[in-house]
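What follows is the residue order along each chain.
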Amino acid sequence: QPANATDYANMMNDNVNKDYSVFANATWHATTKLDLQGGIRAAWNSGVNRVIVPTGAYRTYLTPMQCSCNGYGPGSKFGGGAVALSTNPYPGGVTATPMVTVSYRWTDDIMTFARYAAGYTTGSTSFNTTLNQNITLDPEIVKDYEAGIRSEWFDKRLRFNLTGYYMMWLGKQI
């Protein structure tokens, strides 16, 4: 490592995110025993990610294969306060995620239900100093399926609830 190399620990990430959302939910009592519930969440996400580096910082430390050298060597230098990368990795427009629940009251003390819901997390970026670039993470979407029973026993002195879940993640951010 050259004596005048600046450590990337001094760089700054400037992230500006704008997130707005609304949620609507409604329940229809179809019969005295059957309820149907539905909801939707609409989200608007936008933002900018900038990586700012100090004067004299090297772009990266290159591996021997990248720099054709006998060891690790630096890339070119940044100017003072330079914006190394400026990206707009966040999706534009509206993302809608639904929720649907069906519940049935078998008796005053026993109810079963099934539910589907989806969730959403906006994408993001992270600056990778080894690659000297932003790594863009896709949005994360989760689909949740669940079913269960709610029950009360012995004149409501004992409550027993059981729920099974299955969740499927798409684009999971780790």
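Preceding this paragraph is the structure being described.
Quick look at the structure, then. (Residues numbered from 1 in each chain as written. Predicted model: local features only at pLDDT ≥ 70, side-chain atom pairs only at ≥ 80, totals over all residues. Heavy atoms only, no water.)

### So, the pattern of salt bridges
Applying the stated rule across the entire model yields 4 salt bridges. Here Glu 152 and Lys 156 are joined by a salt bridge, their closest N and O atoms 3.0 Å apart. Three or more residues are tied together by salt bridges with common partners; here these are Asp 109, Glu 152, Lys 156 and Arg 159. (Salt bridge = Lys/Arg side-chain N within 4 Å of Asp/Glu carboxyl O.)

### With respect to the pairing of strand E7 (residues 110-121)
As defined by bridge partners, strand E6 (residues 94-105) adjoins E7 across 7 bridges and the pair is classed as antiparallel. Paired with Met 99 across the strands is Ala 117, a residue of E7. Here E6 hands over to E7 after 4 residues, the two strands then running antiparallel side by side. Pairing between E7 and strand E10 (residues 140-153): 12 bridges, direction antiparallel. Along E10, the bridge assignment pairs Ile 110 with Ser 151. (Pairing = 2+ DSSP bridges. Helix = DSSP H or I, 4+ residues; strand = E, 2+ residues; numbered from the N terminus.)

### What to know about the packing of aromatic side chains
Under the defined criterion, the tally for this structure stands at 3 aromatic pairs. Ring geometry for Tyr 116 versus Tyr 145: centroids 5.1 Å apart, planes at 50°, classification tilted. A residue pair is termed long-range when its members are at least 10 positions apart, and Tyr 116 in strand E7 and Tyr 145 in strand E10 qualify at 29 residues. With 6.2 Å between their ring centres and 35° between their planes, Tyr 145 and Tyr 166 make a pair best called tilted. Here Tyr 145, found in strand E10, pairs with Tyr 166, found in strand E11 (residues 158-170); they are 21 residues apart in sequence, far enough to count as distant. Residue classification places Tyr 145 among the partly exposed residues on the basis of a relative accessible area of 36%. Site record: aromatic cluster; members linked through ring pairs are Tyr 116, Tyr 145 and Tyr 166. (Phe/Tyr/Trp six-rings, centres within 6.5 Å; stacked < 30°, edge-to-face > 60°. Buried < 20%, exposed > 50% of the residue type's maximum accessible area, 1.4 Å probe, protein only.)

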